[in-house]
Amino acid sequence: SQFSSATKKTLNKDKPCKRFVLYFHDILFGGSDVANATSAAVANETGLGNFKFGKLIVFDDPMTKDNHLLSPAVARAQGFYFYDMKNDYNSWFAYTLVFNSTEHKGTLNIMGVDIMAAQTRDLSIVGGTGDFFMARGIATFVTDTFQGAKYFRLKMDIKLYECY
Amino acid sequence: SQFSSATKKTLNKDKPCKRFVLYFHDILFGGSDVANATSAAVANETGLGNFKFGKLIVFDDPMTKDNHLLSPAVARAQGFYFYDMKNDYNSWFAYTLVFNSTEHKGTLNIMGVDIMAAQTRDLSIVGGTGDFFMARGIATFVTDTFQGAKYFRLKMDIKLYECY
Amino acid sequence: SQFSSATKKTLNKDKPCKRFVLYFHDILFGGSDVANATSAAVANETGLGNFKFGKLIVFDDPMTKDNHLLSPAVARAQGFYFYDMKNDYNSWFAYTLVFNSTEHKGTLNIMGVDIMAAQTRDLSIVGGTGDFFMARGIATFVTDTFQGAKYFRLKMDIKLYECY
């Protein structure tokens, strides 16, 4: 055990130790479409502005390797997001990617702000389990499509910089 | 400051730098049992399936060293969980273990999915404070008992792999 | 790739690799004050005790360098908190500091318990992006003022111990 002050280390952002791209599909429950829906609102918007401030959605969304909704899910994304800006659409996410395939078993835990006005936005991968034991990294979101309140799809570029 | 790409390191999952087991007791508020209850629902289930999808519970639960509800609490677990699957029971947790005893002072922050169908499931310990300054690790959940909607108990095996 | 068990390392708590103080201003929406309000309740207190147990607030709060509400915001804090104790005021936070200035661009992701009865309390900075790529650290809260249910201000001392 050695005593040292915190040190600055340099990681190359372009060289993650593991990287893959997945697509996140969110179909908001409308009250009767149980078979298709993958998420549901648990708190309503609050009236603070006109951009759904406070609306809170819980999801169990399929993750696919390409951007087709009906492609086989290689993981699930389980967690929640809520809208949190009064003068524009903006949201905040915390969720877990759950892998249970021959390719990967384990989870990645992710949180951060989805600055919807930005072309790309980075969230933190704060931990992992199983095949991703103790991992950390960055998840970069790009909106792939947005079809009203009913369906949206995000491209998530998963980059791990700490692998064990 | 040296420049390097992310490297793969190996940690031995069987050799945490700190480990202890605690039991989590959750007694859901029914409306009149203020003295006994330790958690309360803040959002109702949504009707997306029959497994409480979206039901959100805030808790301040006692943590004990053995699995007796009335054993002295050695920590509190403060946070929330919600149900998030439409075809089975499954939940997602984010919470803090708060220690304030002669043995330990400080907190551990934990998040991840509680895959209730699995025998054991791993969540990420994403940070710590006080005696657990900057810690990271894995919390492994095992269901110890489940008594309807009113009371459940989880065994939490806390393993730290980064200790400072 | 080398095999090793988890090791105990020592970081000097007094020597973060980066440190700054910011003030967090929260003005709770009352139903008509859209122009001023920065946060809104999305779930009501549950009746478990008399300290707002379960009340859940989403916020997009300005962060300033001094403790004046009208000073220019150098960052936004976007996230949520809820009350979680039945016999005293206590709360739990998860949020993102969003920087978009010439001085800093990027985010810091933070979670933990705000033990309101304590003089100071530490939360975990669990990840960062942009200028704060992969950062970790501690955010120390001090209540600067508390004006009923309407406005409160926290001093947040941001200390990073992992910088890249």
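Just above sits the structure.
Note that this is a predicted model, so its numbers are computed, not measured.

Peer 1: Tell me about the relation of the copies chain C and chain A, residues and numbers included.
Peer 2: Of the transformation placing chain C onto chain A, the axial shift is 0.0 Å and the rotation is 120 degrees, giving an RMSD of 0.0 Å. Seen this way, the second copy is the image of the first under a three-fold rotation axis. When each C-alpha of chain C is compared by its distance to the rotation axis, Val126 of chain C comes out closest, at 3.5 Å. Of the residues that chain C buries at the interface, just 20% are likewise interface residues in chain A, meaning the two copies contact each other through different surfaces.

Peer 1: Tell me about the interface of chain C and chain A, and please be specific about residues and values.
Peer 2: Between chain C and chain A, the contact holds 45 residues from the first and 40 residues from the second. Of the roughly 3,300 Å² buried at the junction of chain C and chain A (both faces included), carbon and sulfur atoms supply 65%. The largest share of the area that chain C buries against chain A comes from Phe133, Met134 and Tyr164 of chain C, three residues that together contribute 20% of it. Counting across the chain C and chain A interface gives one salt bridge. Here Arg136 of chain A ties to Glu162 of chain C by a salt bridge, and the two come within 3.7 Å at their closest N and O atoms. In this structure, the connection of chain C to chain A is made through 14 residue pairs in polar contact (both at pLDDT 80 or more). Looking at the side of chain C that touches chain A, the elements with two or more residues in it are strand E2 (10–11), strand E4 (39–43), strand E5 (56–64), strand E6 (73–83), strand E7 (91–100), strand E8 (105–114), strand E9 (121–130) and strand E11 (151–162) of chain C.

Peer 1: Tell me what's going on with the pattern of salt bridges, and back it up with residues and numbers.
Peer 2: Tallying each qualifying case throughout the model produces 24 salt bridges over all chains. Several salt bridges share partner residues, and in doing so they unite Arg136 and Glu162 of chain A, Arg136 and Glu162 of chain B together with Arg136 and Glu162 of chain C into one network.

Peer 1: Break down the packing of aromatic side chains for me, citing the residues and quoting the values.
Peer 2: For the structure on display, the rule yields 78 aromatic pairs over all chains. Between the aromatic rings of Phe133 of chain A and Tyr161 of chain B, the centroid separation amounts to 4.8 Å while the plane-to-plane angle is 80 degrees, which identifies the pairing as edge-to-face. Taken together, the positions of Phe133 of chain A in the loop between strand E9 (121–130) and strand E10 (136–147) and Tyr161 of chain B in strand E11 (residues 151–162) put the pair across two chains. Tyr161 of chain B carries the same exposure label as Phe133 of chain A, and that label is buried. Here a set of aromatic residues connected by ring pairs shows up, and it is made of Phe24, Phe51, Phe59, Tyr81, Tyr83, Tyr89, Phe93, Tyr95, Phe141, Phe146 and Phe152 of chain A.

Peer 1: Give me the lowdown on the side chain of Thr38 of chain A, citing residues and values where you can.
Peer 2: Among the secondary structure elements, Thr38 of chain A is positioned in the loop between strand E3 (18–27) and strand E4 (39–43). Reaching out from Thr38 of chain A, the side chain makes a polar contact with the side chain of Asp61 of chain A at a distance of 2.6 Å. Thr38 of chain A has contacts with His25, Asp26, Ile27, Val58, Phe59, Asp60, Asp61 and Pro62 of chain A together with Leu48 and Phe53 of chain B, leaving out every residue within four places of it along the chain.

Peer 1: Can you tell me about the interface of chain C and chain B, naming the residues and giving the values?
Peer 2: With 40 residues of chain C at the contact, the number on the chain B side is 45 residues. Each partner contributes to the roughly 3,200 Å² buried at the junction of chain C and chain B, and carbon and sulfur atoms together form 65% of this total. Counting across the interface, chain C meets chain B through one salt bridge. Linking chain C with chain B are 14 residue pairs in polar contact (both at pLDDT 80 or more).

How each quantity is defined
- Residues numbered from 1 in each chain as written.
- Chains lettered and ligands numbered in written order.
- Predicted model: local features only at pLDDT ≥ 70, side-chain atom pairs only at ≥ 80, totals over all residues.
- Heavy atoms only, no water.
- Least-squares fit on C-alpha atoms with pLDDT ≥ 70 in both.
- Contact = heavy atoms within 4.5 Å.
- Buried area = accessible area lost by both parts, 1.4 Å probe.
- Salt bridge = Lys/Arg side-chain N within 4 Å of Asp/Glu carboxyl O.
- Polar contact = N/O pair within 3.5 Å; in protein donor to acceptor, adjacent residues only side chain to side chain.
- Helix = DSSP H or I, 4+ residues; strand = E, 2+ residues; numbered from the N terminus.
- Phe/Tyr/Trp six-rings, centres within 6.5 Å; stacked < 30°, edge-to-face > 60°.
- Buried < 20%, exposed > 50% of the residue type's maximum accessible area, 1.4 Å probe, protein only.

Note that every value here comes from positions in space, so none of it alone points to a role or purpose.
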